[in-house]
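Summary of the model geometry
The chain contents come next:
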Amino acid sequence: MAGSGLAPPVEDVVASSSVVDSVATYETLAALPAAQRAAQAGRTLVVEVDLAGSPGFSLDASADGVQARYRMAFNNVAEGWNWYPQADPRQEDYYHAKFLPLASRIEERGEYAHEDKIGTPQHMRVTWRYDYFLAFENLYDFYPRTTDDDAGFAATLPPVETGRVRMLALATLEAPVTAESTTFWKATHGRPVDFTLRKRYLIGRLQAVWFVDAKDGRVLARVLPVAPRANWHRLAR
């Protein structure tokens, strides 16, 4: 399979505890001087996908075992640097880069007094949320581009409990390695919270996806690239 030679056996990855802390990895990379961060391109990482934060993930019983499906139809990186307004939707996506969620954390940063509605003083909370993602453009190395909302990573697993499934992703970092955006919502009378959302991306090329038993590290299924992306436009017509 195309690209499969880049992926080490998943047994070795799990056994050697090579799954990185995505939050710590992002913060370490982002703190590097630009030249040193750029030098990290080509580094391979194994990260764990946040299935609790993935509404498109499902496990369903089938005649052959358990069907795992991770839907990618709406996992578009909606950032300005990833918007291609001249894209022909018959041939390519408006958002080339896709994401897999890795982690999320919330910081409460106190509160302050304010009157958004005159004569009605309130205590406004200050909340920051940090979301971490793996961003990659080569989704269609894994399956043909399609408008099917169920399209994504799919595999048949042996019988396993839902809570025991982990999803791991192997990726090779690519320039610019990291990216970040910030969105702020001002507190109002009806929603007395100053809310800041910071989206943080590890940027790379996806090499493989693995479904693993969280209890014993047993490999349940592998999803590897099946054809170079350049061929998918021809195959999908």
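Okay, so let's go over this structure. (Residues numbered from 1 in each chain as written. Predicted model: local features only at pLDDT ≥ 70, side-chain atom pairs only at ≥ 80, totals over all residues. Heavy atoms only, no water.)

It is worth spelling out the environment of Gln-40 at this point. Following the sequence through the fold, Gln-40 ends up in the loop between helix H3 (34-38) and strand E1 (44-48). Setting aside residues no more than four positions away along its own chain, Gln-40 makes contact with Leu-29, Leu-32, Leu-173 and Val-177. (Helix = DSSP H or I, 4+ residues; strand = E, 2+ residues; numbered from the N terminus. Contact = heavy atoms within 4.5 Å.)

Once that is clear, we can look at unusual backbone geometry. Omega for the peptide link from Ala-175 to Pro-176 comes to 5°, which places this bond in the cis form. Inspection of the secondary structure puts Pro-176 in strand E7 (residues 165-185). Phi is positive for Val-177, close to 75°, though the residue is something other than glycine. The exposure class assigned to Val-177 is buried, which follows from its relative accessible area of 0%. (Buried < 20%, exposed > 50% of the residue type's maximum accessible area, 1.4 Å probe, protein only.)

Among the residues of helix H2 (residues 22-30), those classed as buried are Ser-22, Val-23, Thr-25, Tyr-26 and Leu-29. Buried residues along H2 cover an arc of 165° about the axis, so they all sit on one side. Here the buried face of H2 lies against H3, E1, strand E4 (98-117), strand E5 (120-136), E7 and strand E8 (193-213). (Arc of directions from axis to C-beta.)

Sheet topology note: the strand E2 (residues 57-62)/strand E3 (residues 65-71) ladder contains six bridges and is antiparallel. Directly across from Phe-57, in E3, lies its bridge partner Tyr-70. Between the end of E2 and the start of E3, which pair antiparallel, lie two residues. (Pairing = 2+ DSSP bridges.)

Our next topic: the side chain of Arg-37. With respect to the secondary-structure elements, Arg-37 resides in helix H3. Although Arg-37 is buried, it makes no salt bridge; Glu-180 carries the closest opposite charge, 9.9 Å away. A distance of 2.7 Å separates a polar side-chain atom of Arg-37 from the backbone oxygen of Leu-32. Residues within four places of Arg-37 in sequence aside, it is in contact with Leu-29, Ala-30, Leu-32, Pro-176, Val-177 and Thr-178. (Lys, Arg positive; Asp, Glu negative; His and termini not counted. Salt bridge = Lys/Arg side-chain N within 4 Å of Asp/Glu carboxyl O. Polar contact = N/O pair within 3.5 Å; in protein donor to acceptor, adjacent residues only side chain to side chain.)

It is worth spelling out the sheet that holds E2 at this point. The sheet built from three strands is open, its strands ordered E2-E3-E6 with antiparallel pairing. The open sheet terminates on both sides in strands that have one partner only, identified here as E2 and strand E6 (152-157). Pairwise comparison of adjacent strand axes, ignoring direction, gives a mean angle of 20° for this sheet. (Axes fitted to C-alpha atoms, helices over the stretch in contact; angles between N-to-C directions.)

Taken as a whole and assessed by the stated rule, the structure comprises 18 salt bridges. Residue Arg-166 pairs with Glu-48 through a salt bridge whose shortest N-O separation is 2.9 Å. Taken together, the positions of Arg-166 in strand E7 and Glu-48 in strand E1 put the pair 118 residues apart, joining distant regions of the chain. Given the relative accessible area of 29%, Glu-48 is considered partly exposed.

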